[in-house]
Amino acid sequence: MSSQDDDDPWRRSGLEQFQVVRCVVTGHRGRFGVEVAVTAAERTIPGFIDFVLLTDDDRHPGPADFPPVGTSLDAVTIDFMPNGELRLSAQPSAVEDRGQNG
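Residues numbered from 1 in each chain as written. Predicted model: local features only at pLDDT ≥ 70, side-chain atom pairs only at ≥ 80, totals over all residues. Heavy atoms only, no water.

Visitor: Could you give an account of the pattern of salt bridges, naming the residues involved and the relevant values?
Guide: Tallied over the entire structure, the rule returns five salt bridges. Here Arg-29 ties to Glu-85 by a salt bridge, and the two come within 2.6 Å at their closest N and O atoms. Here Glu-85 lies in the loop between β4 (72-80) and β5 (86-89) and Arg-29 lies in the loop between β1 (20-28) and β2 (33-38), a separation of 56 residues in the sequence. Assessed through its relative accessible area of 16%, Glu-85 is described here as buried. With a shortest N-O distance of 3.3 Å, Asp-65 and Arg-59 are connected by a salt bridge. We classify Asp-65 as partly exposed; its relative accessible area is 40%. (Salt bridge = Lys/Arg side-chain N within 4 Å of Asp/Glu carboxyl O. Helix = DSSP H or I, 4+ residues; strand = E, 2+ residues; numbered from the N terminus. Buried < 20%, exposed > 50% of the residue type's maximum accessible area, 1.4 Å probe, protein only.)

In structure tokens:
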């Protein structure tokens, strides 16, 4: 394995982009969204779901609407941010689409 492979967060995580994964809410990040732990990989991988990616509703959820800590949900992997954080979408339409087409 080359050092370039070691720098690839997808390879390190064992996940694929746009993969449906199971995760657990581990915290709320103010009004911005929820922190999660992806449990579908060989190891638990921390991630983040932005509040606009929690629902398909036109009305975006606020902190009172966020799923409680400990809630399990399905989400789609989107990308790793430059700081290494995995971003996901829990929008039902995205999960359903990837589940059918993944």
